[in-house]
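One-letter residues, chain by chain:
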Amino acid sequence: MVFGTLPSGEQVERVELSSGRLRAEVLTYGAILRSLEVSGVNVVLGLDTLDDYLTRSRYFGAVVGRYGNRIANGRFTLDGVEYHLPINNGAHSLHGGTDGFDRRVWTIAGRTDSSVMLALTSPDGDQGYPGTLTSTVTYTLADGAIRIDYSMKSDAPTVVNLTNHSYFNLKGSGDVLDHVIQMEAEHYLPVDEGKIPTGELAPVKGTPFDFSEPHAVGERYDGAYDHCFVLDGDIRVTAGGLTMEVTTTEPGVQFYSGSMLDGVETPYGPFAGLCLETQHFPDSPNQPRFPSTVLRPGEIRTSSTTYRFA
């Protein structure tokens, strides 16, 4: 089903998925999860039109890449060669640059009533990154959950860090300051004023970043979270009589509470939704202590994240 047409004339398709009490819509533009209904309640923030996604989006529901999150000063060195990326977030490169994967039309590579696989090829030199990267993202509804599976391969050494940037609101409306979060994470990544990790894996104990026991989003830190947590296990979010449990193969999660949404440049105001972007750590290509995001020829990197509702 056609969702809209880009200025280039390229059509964007909308794919409907269903399984039990779950319904979802996925767009080929940005591999966007436009809606996710749980027993009739839409729990992700979506936009009405393609033009909204072109002009008023803060990555709503999109798959971001080639590198989700920030790379300091838009540069990194790989095998002795320095690469330069577009600067689009202060002095840094964010979510793959000015023309990231969230702005590409993905190809439908396979689908059923409850799943869709989308594929994208990013050529060598795209946004400054080396190697031709081939990626697939598969959304699957099953057993009261949505699972997102990623697969990536490259013909030359590169760095890659794909993630989904959905904003969740388990009540379907209002703000998320009353959403209660419990997270198995003993450490988080402190950041500088540009939100680049300092390199330290800091203990959460005794800080507003300790979610080992349940805490509401707005209970501490003015609710304005935008930090990467080092995962030791699962995440649980509860609000409006609904619980969402997040499991992932990724080493970290960027918890962003939506504090910078403004209701002017986007249709949503502050704290309208929260993001749990499962991923490798920000700026890993420049941080040798962090898990490597290097992908080499002959390797296939896979990862999986499941959001389960009860």
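As a reminder, the structure under discussion sits directly above these lines.
It should be emphasised that the depicted structure is a prediction, and the values quoted were computed from it without experimental measurement.

**Q** So what exactly am I meant to see when it comes to the overall build of the chain here?
**A** When you go through the chain residue by residue, the secondary structure sums to one helix and 28 strands. Principal-axis analysis of the C-alpha atoms places the extent of the chain at approximately 50 × 50 × 35 Å. A total of 310 residues make up the chain; the buried ones form 54% of that total. For the chain, long-range pairs separated by at least 24 residues make up 64% of all intrachain contacts whose partners lie at least 6 apart in sequence. Within the structure as shown, the chain displays about 12200 Å² of accessible surface, and the carbon and sulfur contribution to it stands at 47%. Looking at the chain, you have 23 positive and 39 negative side-chain charges, and the mean spots of the two groups are 2 Å apart.

**Q** Quick question: what am I supposed to make of the sheet that holds strand β26 (residues 274-279) here?
**A** As a general point, the strands of a sheet are linked pairwise by backbone hydrogen bonds and lie either parallel or antiparallel. Here six strands make up an open sheet; going across it, the order is β17-β26-β25-β22-β19-β20 and the pairing antiparallel. Lying at the two open borders of the sheet, with one neighbouring strand each, are β17 (167-168) and β20 (202-203). Here strand β19 (residues 187-188) pairs with strand β22 (residues 226-230) via two bridges, running antiparallel. Its bridge partner being in β22, tyrosine 188 is matched across the sheet by phenylalanine 229.

**Q** Looking at this model, I keep getting lost on the side chain of serine 35. Mind explaining?
**A** Note on placement: serine 35 falls in strand β4 (residues 33-38). Since its relative accessible area comes to 11%, serine 35 is described here as buried. When neighbours within four sequence positions are excluded, serine 35 is seen to be in contact with Arg23, Ala24, Glu25, Asn42 and Val44.

**Q** I tried to follow unusual backbone geometry on my own but got confused; where do I start?
**A** Trans peptide bonds make up the majority, and among non-glycine residues the majority have a negative phi. Between glycine 65 and arginine 66 the backbone carries a cis peptide bond, its omega angle lying at 10°. Within the fold, arginine 66 resides in the loop between β6 (63-64) and β7 (70-71). Although it is not a glycine, tyrosine 59 adopts a positive phi angle of roughly 65°. Considering the arrangement of structural elements, one finds tyrosine 59 in the loop between α1 (50-55) and β6. Phi at phenylalanine 271 takes a positive value of approximately 65°, unusual for a residue other than glycine. As for its placement among the helices and strands, phenylalanine 271 is situated in the loop between β25 (252-256) and β26.

**Q** For this particular structure, what's the right way to read the sheet that holds strand β28 (residues 301-309)?
**A** A sheet is described by the order of its strands in space; here nine strands give the open sequence β11-β12-β13-β14-β28-β24-β23-β18-β21, paired in antiparallel fashion. Both outer strands of the open sheet, β11 (107-111) and β21 (215-216), are each paired with one neighbouring strand and no more. The pairing of strand β23 (residues 235-239) with strand β24 (residues 242-248) spans five bridges and is classified as antiparallel. Across the sheet, residue isoleucine 235 finds its bridge partner in β24, namely valine 246.

**Q** Would you mind going over the packing of aromatic side chains with me for this structure?
**A** Each aromatic ring pair is specified by the distance between its two centres and by the angle formed by the two planes. Counted under the stated rule, the structure contains 20 aromatic pairs. Pairing phenylalanine 211 with tyrosine 225 gives two aromatic rings, centres 5.4 Å apart and planes at 65°, and the pair type is edge-to-face. Taken together, the residues span a long stretch of sequence, with phenylalanine 211 in the loop between β20 and β21 and tyrosine 225 in the loop between β21 and β22 at a distance of 14 residues. We note that phenylalanine 211, like tyrosine 225, is buried. One Lys or Arg, arginine 220, reaches over the ring of phenylalanine 211 and ends 4.9 Å from the middle of that ring.

**Q** What's the story with the nonpolar core in this structure? I'm lost.
**A** Among soluble globular proteins, nonpolar side chains are generally buried collectively. Among the nonpolar cores identified, the biggest contains 56 residues, and Tyr139 and Phe309 are the most heavily contacted of them. Leaving out residues up to four positions away in the same chain, phenylalanine 309 has contacts with Arg21, Leu36, Val38, Val43, Gly144, Ile146, Phe168, Leu170, Leu242, Thr243 and Met244. In terms of nonpolar packing, the next biggest core, distinct from the first, is built from 18 residues, Leu27, Tyr29, Leu50 and Phe60 among them.

**Q** Explain the pairing of strand β2 (residues 11-19) here, please?
**A** The side chains of a regular strand alternate, first on one face of the sheet and then on the other. Summarising the sheet, strand β1 (residues 2-5) and β2 pair through three bridges and their orientation is antiparallel. Among the inter-strand pairings, glycine 4 is bridged to a residue of β2, identified as valine 12. Turn length for the β1-β2 hairpin, with the two strands adjacent in sequence and antiparallel, is five residues, and the turn residue glycine 9 shows positive phi of about 95°. Taken together, the six bridges between β2 and strand β3 (residues 22-27) define a ladder with antiparallel strand orientation. Within β3, the position partnered with arginine 14 by the bridge is leucine 27. The turn joining β2 and β3, which pair antiparallel and follow one another in sequence, is formed by two residues; a positive phi near 60° is taken by glycine 20.

Cut-offs and rules
- Residues numbered from 1 in each chain as written.
- Predicted model: local features only at pLDDT ≥ 70, side-chain atom pairs only at ≥ 80, totals over all residues.
- Heavy atoms only, no water.
- Helix = DSSP H or I, 4+ residues; strand = E, 2+ residues; numbered from the N terminus.
- Buried < 20%, exposed > 50% of the residue type's maximum accessible area, 1.4 Å probe, protein only.
- Contact = heavy atoms within 4.5 Å.
- Areas by Shrake-Rupley, 256 points an atom, 1.4 Å probe, with all protein chains shown as cover.
- Lys, Arg positive; Asp, Glu negative; His and termini not counted.
- Charge placed at Lys NZ, Arg CZ, Asp CG, Glu CD.
- Pairing = 2+ DSSP bridges.
- Phe/Tyr/Trp six-rings, centres within 6.5 Å; stacked < 30°, edge-to-face > 60°.
- Lys NZ or Arg CZ within 6 Å of the ring centre and 35° of its normal.
- Core = buried A, V, L, I, M, F, W, Y, C linked by side-chain atoms within 4.5 Å.

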